[in-house]
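# Inside the fold
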Amino acid sequence: MGASYQGMLALLRELVGCPTLEDLLKAALEGAMRLIPGAQAGSVLLRQENAYRFVAMRGHNMPLPGYTLSLQDELRWYGGSLEEALSGWPRAVRIQAERSGLLPRDRQSLQGMCWLLKIPVPLQNRVEAWINLDRCEATPFPPEAVSLARELALSLGVVLQTLKERQNTQARLEREERLARVLEVLSTFHEANLLWQALPRLVMEILGAERAVALRREGSELRVEAAINWREALGFSLPKGQGISWAALEERRVQMVRLEDTGPKFAVPARPQEYAASIPLQDAQGEGFGVVVAYSETPFEAEDVPVLEAFGRGAGQVLARLQAQAAQQRELARLQSLTRASQRLTAAQTTEELLQLIVREALEQTGASTSLVTLYRPKADVLEVVAAAGYAAEKAAGIRIKRNKGLAWRVMEQRSPLYLPDASGDPNAVYASGRRVPAAYLGVPLGDPEGRMVGVLSVDTAGAGGQIHPQDRYALEALAKVAGVLLSRLQALERANREAERYRRLVQMSSDLETLDEPPRMAQRALETLIDLTGLSAGGFFRLELQDASRGSGWMRLVLGHERAGEGRLQHFSNLPVTLGQGFMGKALASGKVQRIEDYQDWEGAWPELKVYKLRTLLTAPLFLRGEPYGALTLASFDHKAHIFEEHLALLEAVARRLERALERAAHLEEITRTREDALRALGLGLELRDLETKGHTDRVVALTVALGQRLGFPDLEGLRMGAYLHDLGKLAIPDSILLKPGTLTDAEWRIMQSHCDIGFGMLENLGFLSQTARNIVRYHHERVDGSGYPFGLTREEIPLEARLFAVVDVYDALIHPRPYKAAWRCEDALGELQRQAGQTLDAAIVEAFVELIASRVGSA
Amino acid sequence: MRWALLLAFVLVSHGWAFPSGTLYLPLDDRPPNWLPCTWQVVRCPPRALYQGRQGANLEALWGWLQEQTGRTLVASLDALVYGGLVQSRSSALPLEEARGRLEVLYRWQARTGGQVLAFGVIPRHPDATHRTRNLELLRSLGDGFAYLEAPWDDALPGSPAVAEAATLPIPTRPGADEAGQVLLLRALNPGVRVRVLYDQPQAAQQITRYEGIPLQESVSRLLLSAGAVAVESRPDLVLVVYTGGDPRRGVLTVLQGLREAPVALADIARVNRGEASLVRYLLALDIYRDLAAYASWGTPGNNLGAALAQGGLFAAPLCQRAGNPAAWCEERRARVLAQAYLEYLWGEIGRPWVRARFPEPLTEEAARYVFERLQTEPMPRLGLGQLRPEGLQFPWGRSFEAEWQYRLDGVPNLQR
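Residues numbered from 1 in each chain as written. Chains lettered and ligands numbered in written order. Predicted model: local features only at pLDDT ≥ 70, side-chain atom pairs only at ≥ 80, totals over all residues. Heavy atoms only, no water.

### Quick look at the domain arrangement of chain B
Residues and elements named next belong to chain B.
- The domain boundaries assigned to chain B delineate domain 1 (19-188) and domain 2 (190-356).
- Taking only C-alpha atoms into account, the centre of domain 1 sits 24 Å from that of domain 2.
- Contact with domain 1, which involves 28 residues of that partner, is made by 30 residues of domain 2.
- Summing both sides of the interface, domain 1 and domain 2 together bury roughly 2400 Å²; the carbon and sulfur share of this comes to 64%.
- Our count for the domain 1 to domain 2 interface comes out at zero salt bridges.
- The tally of links between domain 1 and domain 2 comes to 13 residue pairs in polar contact (both at pLDDT 80 or more).
- Of all the secondary structure elements, the ones that give two or more residues to the side of domain 1 that touches domain 2 are strand E4 (147-152), strand E5 (172-174) and helix H10 (179-188). (Domains from an automatic or database assignment. Contact = heavy atoms within 4.5 Å. Buried area = accessible area lost by both parts, 1.4 Å probe. Salt bridge = Lys/Arg side-chain N within 4 Å of Asp/Glu carboxyl O. Polar contact = N/O pair within 3.5 Å; in protein donor to acceptor, adjacent residues only side chain to side chain. Helix = DSSP H or I, 4+ residues; strand = E, 2+ residues; numbered from the N terminus.)

Structure (C-alpha cells):
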C-alpha cells in the first residue's frame, strides 16, 4: 500500500467529515490537486438535475461561472464515451478551449493551460460530478496520475453515496424521531374528535408540508374533518372510489402523487403544482378510519413512506382504541340508562303511563326527533299508534295503519329491526306530518315474554332532524325488550284487575239480585252494574205490550231506566213502537239473541227518530217469560262509539237470563199465593155450604178481622186472615147429629162440640205455610178472658191476642146474623152486648177498638 | 463476592429480556465458541471445566449440567461426548459408549422439561479417524431433541463431508465454530426477517472454498438453522455477504443494506482473515461503527453464522423488540463490533507477524510483543467510545487464535 493510497484514504476520511456536498467537492478538488502529480489548477462541477454547475475553482483567474454546462458539453470536453465516464475512467486530454462548454469570455482563462485530466465521478449510473485538473506545463500528466485519478473518482463516488446515505439516514432518524414524538402525542389523546382535529398538524410535524387535511370515513364518503392552511376544504366530502385518498384507504398504503398528474380533484381550488401524500389511517386489523393528506410544493421522499405508514397505523390504532373506548363508554352509558329506564318504566302504574315512558325513553336513547309505539290490533288487522313522543306526536297518536302500509308493518312481519338512513325513498313510509322529507327510520319489534309480536317501537327524524345511527338499534331493542315485558305484565295486571273488578261487581250484583224478588228492582240493579262495567251510558228494562198479536206489533214500554248522570236521553225512549223481527228490539225478540249494533248511526235498520238522539252503540238482550216475548234489557251509548268486548255481551246475556228467572219466579209466586188463597177460602166456604154457618159469615169475619188487626197494628195480618178463614175448620169432624142438633146438647155432645177447636188445630198442624197466628185463632177463638171459654178455660193474656181479637169479631157477626135459635140483632144492640161483655168474656181494649171500627164504617157508609 | 453480588444485582435490574434460563454448553473454549459466554445472555459451565487443547473435563461437565435447571439448553454434542472438537476427530470411543454419554442430555431434558437445541459436527477431512462412528452417533439420535443439526467442518475439495451430510436425517450445513452462536439466535430471538445482499450477485451461485456447496445454499441453510426467515422486503436485518474484489462495491452494498435495516457484514473474501481494503474503507467512511455485526475470522460458514447471530441478537431494533433496554443493546453491539475488529486485526496483522517471529507454543513474551505492534494500528471509535486494546493472550499457545482484552473509552461519540 503506497503513500498515495494512504493519502487517498486520509482524504476520504477528511471528505466524510464535510457537512455538505459542495464542501466535500471543494475539499475533493484540493485533495486531488495535492494527491495527483502534475495538477496545477482545477475546477469541479456538480450535477444539478440534467446539467452541471461549477462548485469550485483553483488556479484560474476568473470568478466562478454562474451558468451550467450540459452533459454533452462535458462529454465533448472529456473526449470519451458516457460508458467510460460511468466506469470512472479519467482522461488526460490536450486542452482545446473551443471544445470546452465555457462561454467565450471564460475560455480566456484556459489560455496557458496545456493539459486537462478530466475525472468523472460516477454514482448510481450517472456522472455525479466532474473534477477537472489542469496543467500548464507542456509535458503531460505522469502515467500514474491517471490510475490514481481513477481510484479517486471511484472512491469519491462511494464517499458521495455515503454522504447522501448519511444525510438520508440523518433525515430518516429525524423523521423517526418526529414520528416517535408524534406517536407519543397520539397516545395522549382521550377523545377521537380532538385527535381528528390534531391529525393535520401532526402530519405536518413529521413532513413539514405546507398544508394538510384529515378525512374521516363516514359510510361511503370521506369527509374533511380538519384542515390546516386550507379552510375551504373543511366539510368537503369525497365519494367512494374518488381520488388518491380513497386509493390510499382501499390499498392500505401511502400514496404520493403530483396533483397535476391525478384525475378529477376536490371541488376546492386546486394547486396543480403541489404534491400530495395520502396516508391511510388503519388499525392492526386493517380497518380504515380515514386518510390524512399532506400537501407540499416540493415532492415527498419515498423514504418517508415507512414513517408515514407507521404514523397512519399509530393514528389508526389510537382511533381504534378511542373508538372502542367510546363504544364501551356508550355501551356502559346505554346499559346504565337502560337500567334507569327499566326502573322508570317499572314505576308505570297503567299501560298508558308505560307507553308514554317508553316513547320518551326511546327519544332519550337515540338522537331521533319522534318516537312511536304501535300495537297490533288483531280484530281490525291494523297497527295502531298508541303512544308518541317528540315532533308531530299529537298527529301520530291514534293513527291506524293497514297491513302493507307503513314501515312498522315491515318490522312486524319480518320480526326484525329495520334501519333506513333515509326512509323518504321508501314508498311504504307513512308520514304523520304528511310531509315526505328525508329522514332516518329505525324500528324494532315489540314482543311479549312468550315471543309473540305485539307491536313496534320506532324512532325517526322526520320533520325535526336529529340523528339515528344503525347501532342505535341495540339500545332500542333492549328498550323494546324491557318495554315488551313490562307492557304485557301491566296489560295482564290490568286485565286481571278488570277481571277481578268485574267479578267482584258480578258477585255483588248476583248476591243483590238474589235478595230481590221484584223484576223492576232487579233490572235497576243489573242496569247500574252493566253500565258501570261496559262503559256504556244508559240502559233500560222494557216490557212488551203486544197490541196486535197476529202481526207481532205493539209497544216497548220503559219499565225503568238508568243512565249516567247528566245524560238525560232516556226519556226519549220510554215508549218505543215495536214489531217483532224489525228494529233492534224486534230483532232481538224475534231471534232470541243479543243484538249488537256497533254504530246505530251507520246501521241500515236505524230509525231516523232515534238517530237524532245520537244513539251510537247498542246492545239489546231479549227477555222471555215462559217462552213468550216479554221485553228487553237494553244498553246504549250516545255521542261516542263504545268498545264492546265479548265479555260484555256474555254479561248482558247472563243478566237477562237472571232477570227472566226472577220474572218467572215472581209470576209463579203470584200464582201460588193466589191458589192458596183460593184453597183456604174454599175450605172456609165449605163450612158455609154445610150450613154450619150463616152464609157469608166466613168472608165477613175475614174482612172484619183483618180490618181490626190493621186498626190495632197487628203484625201478622195474613195470619189473621188465614185464622179467620179456618177458625171453625174442626167442625168438619163434628157429626151432623151434634152439629145440627136443634136442641140443647148433652154434656157428652157438648164436649164433642167443644173438641172442634183442637181438631181444627190438629188439622192445620201439618200445613207449614200457616202461621202460628192462624193456628192460635183456630184453637183459642172460644176461650174467654174470664176463663169461661173452652177448650182450656184460659184467662186474659193467657189467651193469644189474635184469638181474643177474633173472638170479638166472631161474637159480633153471630149476634147480628140470625141463627136457628135466635133472630138477628141490630147492630147497635150487638155492639152494646159486646161492650157489656168487655172485660168479662171479651177483651175490653179490643172491644173498644172494634166498636170504633164499626162506628167508623157506619159513619163512612 | 460483593462485586459479584453487585453485578448480579445490576444484571437483574437492568438485565436483558431475552428468554431467561438459557444454558449454553460450548464446543470448546476457543474465542468464537466461548464468546457467547461473555454476552450476558446465557449461563455457561465454569471456564475451568474446559481445559484448552486437552478438551473438557467430561465428568465435571456432566456433573455441572446435572445441577442446572433452565428452559433451553444449547449444547455441543462433541463437547459432551468427546470433550471438544479436536477430541472428536481422534477419540476411539465406541459408538455405544458415545451414545451412553448423551444420556446426560436426556436426563436433563426429562428433569427440567426444558428443550435441547444441539449440534454435532461432521468432522474435518482428513484428520478425523473415526468418521463413521461420529456420523452414526448423529444418525442415531433421531428426534430426541427439540432441534438437532450437523454442521460440517472445513470441506476442502475431496472431503466426504458434504456427501456424508446428505445421508443424515437432520439439517446440515457448512460450519462448526459459529454453530453455538447460531443456535443461540434460534433460541433467544427466533423469526428474524433477513434480507441477504451479495456484493457480487453472481457469487451466490458459486461453490465456496471450505463449504462444498453454492454460497446461497449455505446461506439459506444457515437461516433455517437460526430460525430466521429470508425476505426480500421490510427486513429486520440485512446480511451483506462480501465476497471480495471491489471494496467500494462492498461499501455500496453495505450502504444499500443500511437503507433498509441494520447490516450484519460477513466478510468471506478470504478465509480466517478479513479484507483490509474493505475494512479501511469502512473505517475511513465511518461506516464500520454503524454495522450491526462484522465477521471475518473463519471460513465463509463461520463468518456468515457469526455475523447473522450477533446481528440478530444485538442490532438495536431487534434487540429492543425482544424487550431489552436500548443502552444494553447498544453496548452489546459495540462489544461484538470491537471483538470482530480485533479478530480482523489478528488475522490481518497479528497472526502473520507473530508467525514470522515466534515458534509455537507461543509464550507470554510473544504475546507482549505482538500486542505492542498491534497497538500502532488504527482503532475505530465505536458507539460507546474509542476501542482500546489492553492485552492479548494465546489460550491454546498457538498463533491461530488470540484472546483479546480491551475496553471502550472516552466520551460517547455523538458527533460524526
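Moving on from the coordinates now.
### Comments concerning the domain arrangement of chain A
- The assigned domain composition of chain A is domain 1 (3-168), domain 2 (189-327), domain 3 (347-495), domain 4 (516-655) and domain 5 (690-860).
- Here the C-alpha centre of domain 3 of chain A lies 86 Å away from the C-alpha centre of domain 1 of chain A.

### Section: the interface of chain B and chain A
- Each partner contributes residues to the interface: chain B has 15 residues there, and chain A has 19 residues.
- Summed over both partners, the interface of chain B with chain A comes to about 1600 Å²; 57% of that surface belongs to carbon and sulfur atoms.
- Ionic pairing is found between Arg248 of chain B and Glu151 of chain A, a salt bridge with its closest N-O pair at 2.7 Å.
- Inspection of the region where chain B meets chain A yields four residue pairs in polar contact (both at pLDDT 80 or more).

### Overview of the packing of aromatic side chains
- Tallying each qualifying case throughout the model produces 24 aromatic pairs over all chains.
- Ring geometry for Phe573 of chain A against Phe638 of chain A: centres 5.8 Å apart, planes inclined by 45 degrees, an arrangement best described as tilted. Within this pair, whereas Phe573 of chain A is found in the loop between strand E20 (553-563) and strand E21 (575-579), its partner Phe638 of chain A is found in strand E24 (residues 628-638), the two being separated by 65 residues in sequence.
- Its relative accessible area of 6% is what places Phe638 of chain A among the buried residues.
- Measuring from centroid to centroid gives 6.4 Å for Trp353 of chain B and Phe358 of chain B, while their planes differ by 45 degrees, and the two rings are tilted.
- In textbook terms, an aromatic cluster arises when at least three aromatic residues are bridged by ring pairs, as seen for Phe18, Trp39, Phe314 and Trp328 of chain B. (Phe/Tyr/Trp six-rings, centres within 6.5 Å; stacked < 30°, edge-to-face > 60°. Buried < 20%, exposed > 50% of the residue type's maximum accessible area, 1.4 Å probe, protein only.)

### Observations regarding the side chain of Thr366 of chain A
- With respect to the helices, strands and loops of the structure, Thr366 of chain A is situated in the loop between helix H10 (351-365) and strand E13 (370-377).
- A polar contact is formed between the side chain of Thr366 of chain A and the backbone oxygen of Ala362 of chain A, at a distance of 2.9 Å.

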